[in-house]
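This is what each chain is made of:
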Amino acid sequence: MVFIRRMEQAADGMYKQRLMRGFLHLSIGQEAIAVGMRASISDTDPVITSYRCHSIAYTRGISVYKILAELAGKKTGCSKGKGGSMHMYANSFYGGSGIVGAQVPVGVGIALAQKYLKTNAVTFAIYGDGAANQGQVFEAFNLAKLMHLPVVFCCENNVYGMGTSAERSSASTKYFKRGDYIPGIKLNGMDILSVKEAVAHARSWVLSDKGPIIVEFDTYRYHGHSLSDPGTAYRTKDEVARIKTTRDCITACKRHLCDNGIVGDDMLKDIDKKAQDFIEGIVEKIMKDEDCEESDLWKDVYVFGYEPEYIRGVCLGKGWRS
């Protein structure tokens, strides 16, 4: 969790220095979900999530270096600098999705493929409270139940869908009950142990051929919806400070480790220092990497060996010729 937070804090700093462009959605405050989930799923369990995907990308095997290089538009990025914040992929990780809620029906499609292939794995489709009101989400629920698919629907309820609170946007904020005919559970998404146990239970449920299940993580994001949103127009600074003081997932984990004599303060400080130094070294390295060039944007559009002679651009008369 410490490495993920330091990574996203570095991304925040790079963005504000204009070393990054485009959209940037950070999950600072929500790290327990990615790490707790990783502790209870297998390497072959497919995961698909929203545009707030850096932490999940990291826990699915993409290095900090590859993630930050991608955000900076470098050729060394995990998508060669062309995907940016919302488009990162790895084995069994089907990336973030730039369209609100679109990953949920895609996740159901992945689960359908798994059922056909008879794989002993479970698909995890992650979405936010803001996407929970999307019609396509309910359609995905219906298909998953009808076809008895091996999928866990994970709702990251971080209280605000963009700048609108859940209370203002949703007639019912009990997202874990939204499936109606699909059972659901709700837990403290700021507690890594609660996340680990709940995900393990959900995975076991699906593997026991009981059908899909919904898991709602009660969590909170410290930053705005994206870095273009200061996050102060719809909530107070006191609210954010209170959550950081009373519910922060890293602080809670540190307290648990110390109170139970597992580690001491010195070791925790050393971990944080190593994470900080490691991330700072990576940022320095990335700044020396080669930028993605305009000609690179035309590559990987088609499967290698099947490219047409000419690819039309968005402007009349502008394109790329092989």
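Quick caveat, the model's predicted, so the values are computed rather than measured.

Reading the values: rules and limits
- Residues numbered from 1 in each chain as written.
- Predicted model: local features only at pLDDT ≥ 70, side-chain atom pairs only at ≥ 80, totals over all residues.
- Heavy atoms only, no water.
- Buried < 20%, exposed > 50% of the residue type's maximum accessible area, 1.4 Å probe, protein only.
- Helix = DSSP H or I, 4+ residues; strand = E, 2+ residues; numbered from the N terminus.
- Phe/Tyr/Trp six-rings, centres within 6.5 Å; stacked < 30°, edge-to-face > 60°.
- Core = buried A, V, L, I, M, F, W, Y, C linked by side-chain atoms within 4.5 Å.
- Contact = heavy atoms within 4.5 Å.
- Salt bridge = Lys/Arg side-chain N within 4 Å of Asp/Glu carboxyl O.
- Pairing = 2+ DSSP bridges.
- Axes fitted to C-alpha atoms, helices over the stretch in contact; angles between N-to-C directions.
- Parallel < 35°, antiparallel > 145°, perpendicular 65-115°, else oblique.
- Left-handed = near helix turned anticlockwise from the far one by under 90°.
- Nonpolar A, V, L, I, M, F, W, Y, C, P; charged D, E, K, R; others polar.

A. A look at helix α2 (residues 31–38). Where burial is concerned, most of α2 is hidden: six out of the eight residues are buried. Taken together, the buried positions of α2 are E31, A32, I33, A34, G36 and M37.

B. Molecular detail of the packing of aromatic side chains. Throughout the structure, instances matching the rule amount to six aromatic pairs. Pairing F138 with F141 gives two aromatic rings, centres 6.0 Å apart and planes at 75 degrees, and the pair type is edge-to-face. Of this pair, F138 and F141 both sit in helix α6 (residues 135–146), three residues apart, which is roughly one turn of the helix. Classification of F138 by relative accessible area gives partly exposed; the value is 32%. Seen in terms of ring centroids, Y160 and Y220 are 6.5 Å apart; in terms of plane orientation they differ by 75 degrees. Their pairing is edge-to-face. Of the two residues, Y160 sits in strand β4 (residues 160–161) while Y220 sits in the loop between β7 (213–218) and α9 (237–247), which places them 60 residues apart along the sequence.

C. Here's a closer look at the nonpolar core. Counting 59 residues, the largest nonpolar core has L68, L71, F124, V152 and F217 as the members making the most contacts within it. Excluding anything up to four places from it in sequence, L71 contacts A11, M20, R21, L24, H54, G84, S85 and M88.

D. Spatial organisation of the pattern of salt bridges. A complete count under the given rule lists 18 salt bridges for this structure. Here E216 ties to K186 by a salt bridge, and the two come within 3.8 Å at their closest N and O atoms. Taken as a pair, E216 in strand β7 and K186 in strand β6 (residues 184–188) lie far apart in primary sequence, 30 residues in all. The partly exposed category is assigned to K186, whose relative accessible area is 43%. Here K273 and D277 are joined by a salt bridge, their closest N and O atoms 2.7 Å apart. Pair noted here: K273 and D277 are both in helix α11 (residues 265–286), with a separation of four residues, about one helical turn. Residue classification places K273 among the partly exposed positions, given a relative accessible area of 44%. Using a relative accessible area of 36% as the deciding quantity, one classes D277 as partly exposed. One network of salt bridges, with partners in common, ties together K75, E290, E293, D296 and K299.

E. Structural view of the sheet that holds strand β2 (residues 123–128). One open sheet accounts for five strands, arranged β1-β2-β3-β7-β6; its pairing is parallel. Looking at strand neighbours, the two that pair on one side only are β1 (47–48) and β6, the edges of this open sheet. Set on the sheet, α6 makes contact with β2, β3 (151–157) and β7; between it and β3 the angle comes to about 155 degrees.

F. Quick peek at the side chain of E31. Within the secondary structure, E31 is located in helix α2. Among residues more than four places away in sequence, those in contact with E31 are M1, I4, R5 and C249.

G. Spatial organisation of the packing of helix α1 (residues 2–16) against α11. Interaxial distance between α1 and α11 falls to 9 Å at its minimum, and their mutual angle equals 40 degrees. As far as their axial angle goes, α11 and α1 are oblique. Between α1 and α11 the crossing geometry is right-handed. Taking contact as the criterion, the partners of V2, F3, R6, M7, A10 and M14 in α1 are, on α11, D272, A275, Q276, F278, I279 and V283. Classifying every residue of the contact of α1 with α11 by side-chain character gives nine nonpolar, one polar and two charged.

All we've got here are geometric facts, nothing functional implied.
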